[in-house]
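What the coordinates show
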Amino acid sequence: MDIGPVEYVVIAFPGNRFKGEIAPELRRLVDNGTVRILDLTFVKKDANGTVSHVELQALDPDEASVFEEVEGEVGGLFSAEDLDLIAQELDPDSSAAVIAWENTWAAHITGAIQRAGGLLVAHERVPAPVVAMALEAAVTA
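Anyway, here's the lowdown on the structure attached to this text. (Residues numbered from 1 in each chain as written. Predicted model: local features only at pLDDT ≥ 70, side-chain atom pairs only at ≥ 80, totals over all residues. Heavy atoms only, no water.)

A short note on the pairing of strand E4 (residues 94-102)
For clarity, the cut-off: Here's how the labels work: a residue is buried when its accessible area is under 20% of the maximum for its type, exposed when over 50%, partly exposed in between, all with a 1.4 Å probe on protein chains only. Strands are runs of DSSP state E lasting at least two residues, helices are runs of H or I lasting at least four, and both sets are numbered from the N terminus onward. Strand pairing is assigned whenever DSSP detects at least two bridges linking the two strands.
Counted residue by residue, E4 has 9 buried out of 9 residues, so it is predominantly covered. Burial of E4 is two-sided: the residues Ser94, Ala96, Val98, Ala100 and Glu102 facing one way and the residues Ser95, Ala97, Ile99 and Trp101 facing the other way are all buried. The pairing of strand E1 (residues 6-14) with E4 spans 9 bridges and is classified as antiparallel. Paired with Glu7 across the strands is Trp101, a residue of E4. Pairing geometry for strand E2 (residues 36-45) and E4, over 9 bridges, is antiparallel. Across the sheet, the residue bridging to Lys45 is Ser94, located in E4.

Encoded structure:
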């Protein structure tokens, strides 16, 4: 079975203001075969700096309801140490969604590279704001 590259993202919500707009887009990416959710965990830091980790299935039913139609989630890929490191970067009274996903769109090319004896020696992500600035500079040059 070919497996695409796996990456993780941390999406912070200052003031714990999570409204749920991300879940429908995540569901769309899963439904169209772009990604497969491997883990989805939440990190919360209260106003005093106390940290808690909450797996999706342990969320309050109202909080979890926005994710109920998102398929996938093996779970357990993030260790408590991983989540504590992420929490160090959060401001007090904030939270973060920590998502690991497989880029299923790339699974076939990954398999082809391996079967051809090739080795992927670099795979980098360029942040969208950096690309936008470069494209804008290229258009105005």
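We are not done yet, so read on.
Quick word on the pattern of salt bridges
So the rule is basically this: A pairing counts as a salt bridge when a side-chain nitrogen of Lys or Arg comes within 4 Å of a carboxyl oxygen of Asp or Glu.
Summed over all chains, the structure comprises 4 salt bridges. The salt bridge partner of Arg125 is Glu7, with a shortest N-O separation of 2.9 Å. Here Arg125, found in the loop between helix H4 (107-115) and helix H5 (128-140), pairs with Glu7, found in strand E1; they are 118 residues apart in sequence, far enough to count as distant. Here Arg28 makes a salt bridge to Glu25, at a shortest N to O gap of 2.9 Å. Residue Arg28 and its partner Glu25 are located together in helix H1 (residues 22-31), separated by 3 residues, close to a single helical turn.

Digging into H4
Heads up, the rule is: Think of the arc as the fan of directions from the helix axis to the C-beta atoms. The contact criterion used is simple: two residues touch if any of their non-hydrogen atoms lie within 4.5 Å.
Within H4 the residues assigned to the buried category are Ala107, Thr110 and Gly111. The arc that holds every buried residue of H4, seen down its axis, measures 95°, which confines them to one face. Of the surrounding elements, those touching the buried residues of H4 are E4. Downstream of H4 by a residue or two, Gly117 has a phi angle that is positive, lying close to 80°.

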